[in-house]
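Below, each chain spelled out in residue letters.
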Amino acid sequence: MPELPEVETVRASLEPKLVGHRFEAVEILDSRLTRPVDPAEVAAELVGECVAAVDRRGKYLIVRFESGLVLLIHLRMTGTLAHSRNGAASKSHVRAVVRLDDGSDVTYRDVRRFGTWLVLRADELDAYFSARLGLEPLEPGFSAAGLAERLAGRRAPVKAALLDQRTLAGVGNIYADEALWRARIDPRRPAGQLDAREIRVLHRGIRRALEAGIARQGATLRDYRTPDGSSGSMQNEFKVYGRDGEPCLRCGRPIEKTRVGGRGTWFCPGCQR
DNA sequence: CTTTTTCCCTGGACGC
DNA sequence: TGCGTCCAGGGAAAAA
């Protein structure tokens, strides 16, 4: 499930393939992708557009065009983008295909069809994001003080607060568990109850968990792939995620699985307090 | 206002 | 082998 490190990996891989190139043909095969907008309308808007930049905000991929138009892609659970010079290897679950002016193409696949493509004007982006997203955890503007401010007074479990994209943008179920393990904080603790020291450690834990994910090109559990088709390796480095029953790498106690905020949650009952 | 629950989707895992 | 059931979870929307 693509979270910030996975989306950043996709962005970095796609950027050199897209920038400076024109969308020569756009085929959208699943109307859910652009709902409620007609997919033919979206395809028509994108044809002829020349890519100026490929950016990321939280888990959103931002394809900026020279015209000032923007394509916002959210991969949700199972969306993948593949870039290829000789046609798509497999046709399964293909929801959209973009042919570039160099003859290569970008294929969007999505087994569960939760992903979305949205076309906006660049001047609409700020409003779109500020209604949905908090700070970027890897930007200099993300400070322990800023995190404290956003957690203050909240009674929800700290893990639920981290999953809330308005707290900070880009952390999902895997990296929330990994960050909380690094910070030695119990995911069930009320977010507003953490003291200043714990917030500082959590701030560092979030950054380190996300950086570790990016360094390993993300985590491939089943569907996620980089645009060249390779898998990430972060799944081999998980400290807690999916490790119930296995010993904690820090204190040896068996990792436990529970549910927090409706999500499967792994933590060490020995050293996460 | 905040927090929780439900819904959208498909396919893999599992029990019988 | 085949069927039914559960589970995975990001985010929007509804409910509490």
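Residues numbered from 1 in each chain as written. Chains lettered and ligands numbered in written order. Predicted model: local features only at pLDDT ≥ 70, side-chain atom pairs only at ≥ 80, totals over all residues. Heavy atoms only, no water.

A. Here's a closer look at the overall build of chain A. In terms of regular secondary structure, chain A is built from 7 helices and 10 strands. For 273 residues, the compact-globule estimate of 2.2 N^0.38 gives 19 Å, and chain A sits close to it at 20 Å. Structurally, chain A occupies a C-alpha span of about 55 × 35 × 30 Å along its principal axes. Classification of the 273 residues of chain A by burial places 52% in the buried group. Partitioning the contacts of chain A with sequence separation of at least 6, the portion at a separation of at least 24 is 63%. Of the roughly 12,300 Å² that chain A leaves accessible, carbon and sulfur atoms contribute 46%. Between the averaged position of the 44 positive side-chain charges in chain A and that of its 36 negative side-chain charges there is a distance of 8 Å. (Helix = DSSP H or I, 4+ residues; strand = E, 2+ residues; numbered from the N terminus. Rg over C-alpha atoms; globule rule 2.2 N^0.38 Å. Buried < 20%, exposed > 50% of the residue type's maximum accessible area, 1.4 Å probe, protein only. Contact = heavy atoms within 4.5 Å. Areas by Shrake-Rupley, 256 points an atom, 1.4 Å probe, with all protein chains shown as cover. Lys, Arg positive; Asp, Glu negative; His and termini not counted. Charge placed at Lys NZ, Arg CZ, Asp CG, Glu CD.)

B. Quick look at the layout of surface pockets. Of the volumes computed, that of the largest pocket is approximately 680 Å³. If you trace the largest pocket, you find 26 residues lining it, with Lys59, His74, Arg76, Met77 and Arg263 closest to the centre. Of all the elements in the fold, those that place two or more residues in the lining of the largest pocket are strand S4 (69-74) and strand S8 (116-121). For the lining of the largest pocket, the element with the most residues is S8, which contributes 3 residues. Within the lining of the largest pocket, the residues separate by chemical class into 14 nonpolar, 6 polar and 6 charged. (1 Å grid on protein atoms, 1.4 Å probe; cavity = no way out; pocket = protein on both sides within 12 Å on 5 of 7 lines; lining within 4 Å. Points joined across faces, edges and corners; volume = space filled by probe spheres on them. Nonpolar A, V, L, I, M, F, W, Y, C, P; charged D, E, K, R; others polar.)

C. Focus on the protein's contact with DNA strand B. By nearness alone, every residue bordering DNA strand B is listed as Arg32, Arg35, His93, Val111, Arg112, Arg113, Phe114, Arg154, Arg155, Ala156 and Arg222. Near-protein atoms of DNA strand B (within 4 Å) split between backbone and bases, with sugar and phosphate holding 68%. Arg154 is positioned with one of its side-chain polar atoms (N or O) 3.5 Å from a phosphate oxygen of DNA strand B. Backbone polar atom of Arg155 to a phosphate oxygen of DNA strand B: 2.6 Å apart, as the coordinates give it. (Near = heavy atom within 4 Å. Polar contact = N/O pair within 3.5 Å; in protein donor to acceptor, adjacent residues only side chain to side chain.)

D. Structural context of the side chain of Arg189. Structurally, Arg189 is set in the loop between helix H6 (173-182) and helix H7 (196-215). Here Gln193 takes part through its side chain, which lies 3.2 Å from a polar atom of the side chain of Arg189. With residues up to four places along the chain from it excluded, the contact list for Arg189 reads Ala156, Pro157, Val158, Leu194, Glu198 and Arg273.

E. Molecular detail of the packing of helix H1 (residues 4-18) against H7. With their axes 8 Å apart at the nearest point, H1 and H7 run at an angle of 40° to one another. What the angle tells us is that H1 and H7 run oblique. For the pair H1 and H7, the crossing hand works out as right-handed. Mapping the contact onto sequence places Leu4, Pro5, Glu8 and Thr9 in H1 and Leu210, Gly213 and Ile214 in H7. (Axes fitted to C-alpha atoms, helices over the stretch in contact; angles between N-to-C directions. Parallel < 35°, antiparallel > 145°, perpendicular 65-115°, else oblique. Left-handed = near helix turned anticlockwise from the far one by under 90°.)

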